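Residue-level listing of the chains:
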Amino acid sequence: MKRTTLSLIAGATALAAVTGFAALTAPDGTAAPEAKATTRLPVERVGLVCPAPSTSEVAETLYTSYTPTGTGAAKGTPGKTEQPTALLRTATSATPSNGTGKKPKATKAPATVTTPGKPVTAEAEGGSVPALTGSATGALAPGWTVQQTTVVPAGGARGLLGLGCGAPDTDFWFPAASTAKERQDYVHLTNPDDTAAVADIELYGPEGLLKSQFTEGIPVPAHSTVPVLLSTLTSEPARRDVTVHVTTRSGRVGAAVAAADDKLGSDWIAPAADPASTAVLPGIPADATSVRLVAFAPGDDDADLKVQLATATGTIVPAGGGSLHVKSGMTAFADLPDLTRGAVGSLLLTPSDPKKPTPVVAALQVVRGKGENTEIAFIPAAAAVSARATVADNRAKGTTLSLTAPGTDARVKVTASAGSEGGTPMSRTVTVKGGTTTVLTDLAPEGLKGSYALTVEPVSGGKVHAARTLALPEDGVPMFTVQTFVDDRGTVELPTAHQDLGVLD
């Protein structure tokens, strides 16, 4: 790869569209009639955060920036013209809170500018590549996505690490993290804004909340990133299964967990879907040699879950793993051996008693390979795609799309973009039968050169959950990573205000 020095970051942005109803007042002081109609408009500005990809000097990272076509551009402020842009930036970094690292020097980062429908890539090498923040405006804002893909061919962090750069927020859940001796799990907190943020981190093991230190009021300076080693936050014995809860008491951050296992490999843990009484974990590889389910009930009630696997032909109960009891405030786990049996599947979690729904968060730890040739990845519970979602950086070989309809039949439109270096985009409509997982591997656009993006849009029917698996084997190691599709929130619902002021006397 070409050497590109990027520095630790934050730069940033927010949606420049307003949700909620406008309050209008008539001249006599009475409230005007409420808006009765709404309309959806494209967003005008969005922001994303990419954590520092690796500390390995042999790491090779590819950033892929992409905006899908078809949404159009939002109308800007009258009298102002803004050139549409999609930029990645760097800034300074805060000193790591575990005290083991030195503050990297800030360097100038390359800007990534795209036009809708064509991915643009940037490369970086080594262990001093910084975190990044990005913003997209105008026609490039609706659906803008950035994929971060890192290959570490050797060392303790060996593996293929994939992550869709996330939007800054105030609340994140990460089941399947760990403080075990063989694991090095860092939660990366990145503040893209102009003011400081203050974050709290809670760790929950199988016995409940872990006694922690230095986890409350963690300062994340403006335009800075802070990596926190989870095992340094508690003096309690190591726990293999830990649920991490990140919140902010002021400001907002981007958050992701970098997990590295001495024997199994490494990958990112992306935030799980918000707590809900049902969960879908899509895209378990057909040749998975180990699958471990980790769940947590954040409320006051225990959760009794029915565990099922949605396959290509229907929904089945896994052998020896049809249920899971999750105590309130405690992390539960279940090993699911021989789960997929040679076919891609998706795990479905539902209340054992439909009359007693209890919100949970969940994630899977998945291993491929055996012996020394193993690789690890994580699949968080994924929300259904409500309007549109995209995962960038797909390759001609090694890309698998999994579509799961947990309820009724669903039809979705799948679009493969042009390649970053050439190719003709293509679309197809796919019907996913209720209770099944449909797998697509022949998605590369004609004449593909470089990498391409995959976009999923519901057409009709029930809910659909999606995941992309990217497999890049190297030296006998079945390296892979799985990214779930997160709705891109490319449009926002705005009220149509109505006001009848009458005639003044």
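Refer to the structure above for everything that follows.
Please read these numbers as outputs of a predicted model, since none were measured by experiment.

K.L.:
When you look at the overall build of the chain in this model, what are you seeing that I'm missing?
P.N.:
Helix and strand content of the chain: zero helices and 37 strands. Here the chain holds 505 residues, and 53% of them are scored as buried. Look at the contacts in the chain between residues 6 or more apart in sequence, and 83% of them connect residues 24 or more apart. Working note: accessible area of the chain is about 21800 Å², and carbon and sulfur atoms make up 52% of it.

K.L.:
Explain the packing of aromatic side chains here, please?
P.N.:
In this description, an aromatic ring pair is defined by two values, namely the gap between the centres and the angle between the planes. Counted by the stated rule, this structure contains three aromatic pairs. The interplanar angle of 15° and the centroid separation of 6.3 Å between the aromatic rings of F172 and F174 together place this pair among those described as stacked. Both residues of the pair, F172 and F174, belong to the buried class. Plain terms: the ring middles of Y204 and F296 are 4.6 Å apart, the flat faces sit at 45° to each other, and that makes the pair tilted. With Y204 in strand 11 (residues 197–205) and F296 in strand 19 (residues 288–296), this residue pair connects regions lying 92 residues apart in the sequence. Per residue, the accessibility class of Y204 equals that of F296, and both read buried. The structure contains a cluster of three or more aromatic residues connected by ring pairs, namely W173, Y204 and F296. Above the ring of F480, the side-chain terminus of R368 is found at 5.1 Å from the ring centroid.

K.L.:
What should I look at first to understand the environment of A131 in this one?
P.N.:
Considering the arrangement of structural elements, one finds A131 in the loop between strand 5 (120–125) and strand 6 (132–137). A relative accessible area of 0% places A131 in the buried class. Each C-alpha atom of the pair A131 and R89 lies 8.8 Å from the other, and the pair is 42 residues apart in sequence.

K.L.:
I tried to follow the sheet that holds strand 16 (residues 254–261) on my own but got confused; where do I start?
P.N.:
As a general point, the strands of a sheet are linked pairwise by backbone hydrogen bonds and lie either parallel or antiparallel. Strand order in the open sheet formed by four strands is 14-10-16-17, and the pairing between neighbours is antiparallel. Here the strands that pair on one side only, and so sit at the sheet edges, are strand 14 (224–229) and strand 17 (265–269). Across the sheet, the mean angle from the axis of one strand to that of its neighbour is 20°, orientation sign disregarded. Where strand 10 (residues 183–191) meets strand 16, eight bridges bridge the pair, whose relative direction is antiparallel. Residue pairing for strand 16: V187 is matched across the bridge by V257.

K.L.:
It is not clear to me how the nonpolar core should be interpreted in this structure. Could you clarify?
P.N.:
In globular proteins that are soluble, nonpolar side chains generally tend to be buried together. Of all hydrophobic cores here, the largest spans 32 residues; its most connected members are L281, I284, L293, L347, L349 and L364. The contact partners of L364, leaving out residues within four places of it in the chain, are L281, I284, V291, R292, L293, L347, A377, F378 and I379. Counting residues in each nonpolar core, the second largest holds 30 residues, with A176, A259, V294 and F378 among its members.

K.L.:
It is not clear to me how the sheet that holds strand 31 (residues 426–432) should be interpreted in this structure. Could you clarify?
P.N.:
Taken together, four strands build an open sheet; the order of strands is 27-34-29-31 and the sheet is antiparallel. Both edges of this open sheet fall to strand 27 (389–394) and strand 31, since each of them pairs with a single strand only. For this sheet, the mean inter-axis angle between neighbouring strands, taken without regard to orientation, is 25°. Pairing geometry for strand 29 (residues 410–416) and strand 34 (residues 452–461), over seven bridges, is antiparallel. In the strand pairing of strand 34, R411 is matched with S460.

Conventions used here
- Residues numbered from 1 in each chain as written.
- Predicted model: local features only at pLDDT ≥ 70, side-chain atom pairs only at ≥ 80, totals over all residues.
- Heavy atoms only, no water.
- Helix = DSSP H or I, 4+ residues; strand = E, 2+ residues; numbered from the N terminus.
- Buried < 20%, exposed > 50% of the residue type's maximum accessible area, 1.4 Å probe, protein only.
- Contact = heavy atoms within 4.5 Å.
- Areas by Shrake-Rupley, 256 points an atom, 1.4 Å probe, with all protein chains shown as cover.
- Phe/Tyr/Trp six-rings, centres within 6.5 Å; stacked < 30°, edge-to-face > 60°.
- Lys NZ or Arg CZ within 6 Å of the ring centre and 35° of its normal.
- Pairing = 2+ DSSP bridges.
- Axes fitted to C-alpha atoms, helices over the stretch in contact; angles between N-to-C directions.
- Core = buried A, V, L, I, M, F, W, Y, C linked by side-chain atoms within 4.5 Å.

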